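Residue-level structure breakdown
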Amino acid sequence: MDTNINPLGPNRAETSHPMMEEQWAQQAIFERHLSEPQQSRRRQAGAGSSRRILSADQADPTDMATQGRHMNLVLVSNRVADGKPNEPATGGLAAALLPVVEDSGAVWMGSSGDPSQNSGDPSQNKASVHELGNGALVKLELPEAEYAGYYDGFANSTLWPALHSLSERISVSNSDRNYESYHTINEIMANALLKFGDRDAFWVHDYQLLVLGAKLREKAIDRPIGFFLHTPWPESDVWQRVPHHDELIESMMAYDLLGFHTERDCRNFLDCVHSDLGLRSMDGVVASNRGLTRCKVFPIGIDADQFARYAAASTSDSKVASLRSGLNGEKLAVGVDRLDYTKGLHERIEAFDQLCTERPGSISLLQVATPTRAKIEMYRKYRDRFVELVEDVNARHATDDWIPIRHQNEGVSQKVLAGLYRAAHVAVVTPIRDGMNLVVKEYVAAQDPNDPGVPVLSKYAGAAEELKEALLVDPKDISGIKRAILEAMEMPLAERRTRWKAMMKTLRENSLQNWSANFVGELENSRFVARVPPNRLGYIGLGRTAEAQFPSEVLERARDVLMRPLSRTPPPTAFEQSTSSYLGGQSDPADSEYDAEASSRASPTR
């Protein structure tokens, strides 16, 4: 179902009521106000001070990065990375956030990852603080009694498979108890964040903390709060299989800004908002009884030039040199993943089995696959099956001087990883679903410009929307993966260079720095649009009564209403008083029924 309001509405001849014309004048002005270049607007921030409002689509990223450094940000996620130099890579989120902390002076708060250290009173928040560059890492010790239900239970046995559209893996066992633990841990995190309540803004990360924004609002935190989802978002029929799915969506309306990797994820989320709450969107803006929530796409990137420097310097690394010397004329493919069922590792090994049969001795796969979530049974079974598949392929195909698949179960540092990428002729990145997948971006950045390799990429990874020059495959089509690997192995140098140059251009445009600067810039913008109180929503055209197009002279009369900033309790203007009787009590009965339904689903406070 289409969740976008038609800004034109019915034919003008059908809407002669003057009050309706005035209401729709306001809607049109509001739409124009949201879409025009926002650097032309200014607002007051604090007593007597002014701050420029920037748009991610319009502003210079360098200026926005500077603006971000001047904001006192608090970053929040389930876990906080160590941030130690040259440590093994710990995933896309860590790679994305550590530079933000180091460069901007932000505080990053999350779990220490060892809940056993806090088995006592859940209300006692034990924390350690570690400096990192200009910023700091704050690690909380969360209570073991609640952590298992929150993390292993609701977050990773229910939400994780649902977000990756794997309905058959969604666990509803102990769902109510796990859901309570999920809320308890989010409540503990919110209490710990109160000490940073005077900071400029909060930036919350990932599916473990969907309700944290609502918890902060309940504690009177009135700063801008943004949320970025690092996973995909499923279609509504999958999402509705999650217990308490509508409550989760409603809680997410407490965020001022919601960020997604791709247009598909953002569109799916807005569809879920409509199916769960009965709320429609306009240009990505959702109006609920909590206020306005803006939904936008921010494709996460990497520091491509830094990764290229790592790769160029890796020739002297002993691990990389050992790998190169161990090859006996065969080409090298590389895969880097956690041992997670969303990564398509079983299908990848089966594709290599076919390849070994068809072209024995032609290629070896170095698969870095580190165990994860070992307390969850389905992860243990997936790991065990993966090991069996690798051992079986090697047992049937290996020779004295050729090992088809080399499995490394320990992580490696980014510097070593960059060298492994450069040594590989092919990268095999074939997740069943993935929010973005930074491995493929790192591989492209690490290539030798004179002799680049080729990535084979799942069409269901978010990165596939950007890296069109990769060889895109269906991750469940085993023969298709095999054919793509062969194509990559045999691709002419000129074509490889052409594809690589185009992908590097995209990586530099959608860099890690631009991703963080764009999000922070839009979070800053939310100070203007997100603080619209519920009693003003009718005036700005986000109700169901907005169904008409207005003549230009009416638009001009409405301009002074909406071109000024909106406060929480705005005094009514003469124009507003003239429309209040129509908007307040004489709307179509269907509108009143709709508003009552929506109100019953939404909390009255942000």
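Residues numbered from 1 in each chain as written. Predicted model: local features only at pLDDT ≥ 70, side-chain atom pairs only at ≥ 80, totals over all residues. Heavy atoms only, no water.

Points about the sheet that holds strand E10 (residues 281–282)
Two pairing modes exist for strands in a sheet, parallel and antiparallel, and in both the strands are linked by backbone hydrogen bonds. Taken in spatial order, the ten strands make up an open sheet running E5-E6-E4-E3-E7-E8-E9-E12-E11-E10, and their pairing is mixed. What marks the edges here is a single partner per strand, and that holds for strand E5 (126–132) and E10. Against the sheet, helix H5 (residues 175–193) engages strand E3 (73–79), strand E4 (107–111), strand E6 (135–141) and strand E7 (201–205), with an angle of about 150° to E3. (Pairing = 2+ DSSP bridges. Helix = DSSP H or I, 4+ residues; strand = E, 2+ residues; numbered from the N terminus. Contact = heavy atoms within 4.5 Å. Axes fitted to C-alpha atoms, helices over the stretch in contact; angles between N-to-C directions.)

Notes on the sheet that holds strand E15 (residues 405–408)
Pairing is parallel across the open sheet formed by six strands, whose spatial order is E15-E14-E13-E16-E17-E18. The sheet is open, and its two edges are formed by E15 and strand E18 (471–473), each paired on a single side. Taken pair by pair, the neighbouring strands of this sheet meet at an average axis angle of 20°, ignoring direction. Here strand E16 (residues 426–429) pairs with strand E17 (residues 454–458) via four bridges, running parallel. Note on E17: the bridge partner recorded for valine 429 is leucine 457. Of the strands in this sheet, strand E13 (331–338), strand E14 (363–370), E16, E17 and E18 touch helix H16 (residues 478–490), which is tilted by about 175° from E18.

So, the state of the cysteines
In the structure shown here, the tally under the stated rule is zero disulfides. Unpaired in this structure, cysteine 266 has its nearest cysteine sulfur neighbour in cysteine 295, at a distance of 5.3 Å. The buried category is assigned to cysteine 266, whose relative accessible area is 6%. (Disulfide = S-S within 2.5 Å. Buried < 20%, exposed > 50% of the residue type's maximum accessible area, 1.4 Å probe, protein only.)

Some remarks on the nonpolar core
Residues Leu159, Leu212, Trp239 and Phe269 are the most contacted members of the largest nonpolar core, which totals 95 residues. With nine residues, the top contributor of residues to this core is helix H4 (residues 144–163). Leave out the neighbours within four places in its chain, and phenylalanine 269 touches Trp233, Ile249, Met252, Met253, Leu258, Phe260 and Cys295. Judged by nonpolar contacts, the second largest core, of 66 residues, contains Ala94, Leu97, Leu323 and Val416. (Core = buried A, V, L, I, M, F, W, Y, C linked by side-chain atoms within 4.5 Å.)

Observations regarding the packing of helix H12 (residues 345–358) against helix H13 (residues 377–397)
The interhelical angle for the contact between H12 and H13, taken along N-to-C directions, is 5°, at an axis separation of 10 Å. In terms of orientation, H12 lies roughly parallel with respect to H13. Contacts between H12 and H13 involve Leu345, His346, Ile349, Asp353, Cys356 and Thr357 from the first element and Tyr382, Arg385, Phe386, Leu389, Val390, Val393, Arg396 and His397 from the second. In terms of residue class, the contact of H12 with H13 is made up of eight nonpolar, three polar and three charged. (Parallel < 35°, antiparallel > 145°, perpendicular 65-115°, else oblique. Nonpolar A, V, L, I, M, F, W, Y, C, P; charged D, E, K, R; others polar.)

Structural notes on H16
Taking 1.5 Å per residue as the helical rise, H16 with its 13 residues ought to reach 18 Å, and the 19 Å between its terminal C-alpha atoms agrees with that figure. Taken as a whole, H16 has its buried residues at Ile478, Gly480, Ile481, Lys482, Ala484, Ile485, Leu486, Ala488 and Met489. Elements that come into contact with the buried residues of H16 comprise E13, H12, E14, E16, E17 and E18. (Expected span 1.5 Å × (residues − 1).)

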